[in-house]
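# Residue-level structural notes
Residues per chain are reported as follows:
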Amino acid sequence: MLVFCANSWAVPRQDGFPHPPKDPDNIINYRGKRTYKNNLPLEVNKINCERVNEEFVSIMIFFNQSINPRSLHFDSFFINDIPLPADTRFDFNKRGDMIRIIIPVQNNSFKIKMQNISSFDGSVIEPMQMQIEVTR
């Protein structure tokens, strides 16, 4: 059975390569995905902190744009003025604008300091310190 289509929405290029992006100056390629530059200052939108068990808490930090994972180091975050342990794992959501960290904290209140975190367009977060309350 043959089916012919009179209209075609996608027209492939004759050389076999994909069409160039419409706005190449605002696109950064990262791990095979195109990430757009926002040219906005990098800011924290929200922080959630929940207790996982008696020893550990889960901190979710939401940013206004995608974070460059290469910019995160253990001295990017301080908990009560102490850098994160060397075995701390940084988890990202698919968009890359949320970081999840599980850290050992017994108290229900602590200070978190963030610094030297950058987005894909190179904007760096201003060093900031916040008092966090653990929920649950």
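The structure contained in this document is the topic of the report that follows. (Residues numbered from 1 in each chain as written. Predicted model: local features only at pLDDT ≥ 70, side-chain atom pairs only at ≥ 80, totals over all residues. Heavy atoms only, no water.)

## Points about the nonpolar core
One finds Ile-59, Ile-61, Phe-77, Phe-110 and Ile-117 to be the most contacted residues of the largest nonpolar core, which totals 24 residues. With four residues, the single largest contributor to this core is strand β4 (residues 56–63). Leaving out residues up to four positions away in the same chain, Ile-59 has contacts with Ile-47, Asn-48, Cys-49, Ile-79, Ile-99, Arg-100, Ile-101, Ile-103, Phe-110 and Ile-112. (Core = buried A, V, L, I, M, F, W, Y, C linked by side-chain atoms within 4.5 Å. Buried < 20%, exposed > 50% of the residue type's maximum accessible area, 1.4 Å probe, protein only. Helix = DSSP H or I, 4+ residues; strand = E, 2+ residues; numbered from the N terminus. Contact = heavy atoms within 4.5 Å.)

## Focus on the sheet that holds strand β9 (residues 109–114)
Judged by pairing direction, the sheet is antiparallel, and its four strands sit side by side in the order β6-β5-β9-β10 without closing on themselves. At either margin of the open sheet sits one strand with a lone partner, and together these are β6 (82–83) and β10 (128–133). In this sheet, β10 lies alongside β9 in antiparallel orientation, the contact comprising six bridges. The residue of β10 that forms the bridge with Met-114 is Met-128. (Pairing = 2+ DSSP bridges.)

## Here's the deal with the side chain of Gln-115
Following the sequence through the fold, Gln-115 ends up in the loop between β9 and β10. When its relative accessible area of 16% is taken as the criterion, Gln-115 is described as buried. A polar atom in the side chain of Gln-115 sits 3.2 Å from the backbone oxygen of Asp-75. Apart from the residues lying within four places of it in its own chain, the contact partners of Gln-115 are Asp-75, Ser-76, Phe-78, Ile-125 and Pro-127. (Polar contact = N/O pair within 3.5 Å; in protein donor to acceptor, adjacent residues only side chain to side chain.)

## A look at the packing of aromatic side chains
For the structure shown, the criterion picks out two aromatic pairs. On the basis of an interplanar angle of 35 degrees and a centroid distance of 5.9 Å, the ring pair of Phe-77 and Phe-90 is categorised as tilted. Within this pair, whereas Phe-77 is found in strand β5 (residues 77–79), its partner Phe-90 is found in strand β7 (residues 90–92), the two being separated by 13 residues in sequence. Residues Phe-77 and Phe-90 agree in their burial class; the two are buried. Here the aromatic cluster, defined as three or more aromatic residues joined through ring pairs, consists of Phe-74, Phe-77 and Phe-90. (Phe/Tyr/Trp six-rings, centres within 6.5 Å; stacked < 30°, edge-to-face > 60°.)

## Here we look at the side chain of Arg-51
Take Arg-51: it is sitting in strand β3 (residues 44–51). Of the buried charged residues, Arg-51 lacks a salt bridge, with Glu-54 as the closest side chain of opposite charge at 8.2 Å. Side-chain polar atoms of Arg-51 contact the backbone oxygen of Gln-106, separated by 3.3 Å. Within the local environment of Arg-51, its side chain forms a polar contact with the side chain of Asn-108, the two groups lying 3.2 Å apart. (Lys, Arg positive; Asp, Glu negative; His and termini not counted. Salt bridge = Lys/Arg side-chain N within 4 Å of Asp/Glu carboxyl O.)

## Structural notes on the environment of Met-114
Here Met-114 lies in strand β9. Residues Met-114 and Phe-78, 36 residues apart in the sequence, show an inter-C-alpha distance of 6.7 Å. Once residues lying within four places of it in the same chain are set aside, the contact partners of Met-114 are Val-44, Ile-47, Ile-61, Ser-76, Phe-77, Glu-126, Pro-127 and Met-128.

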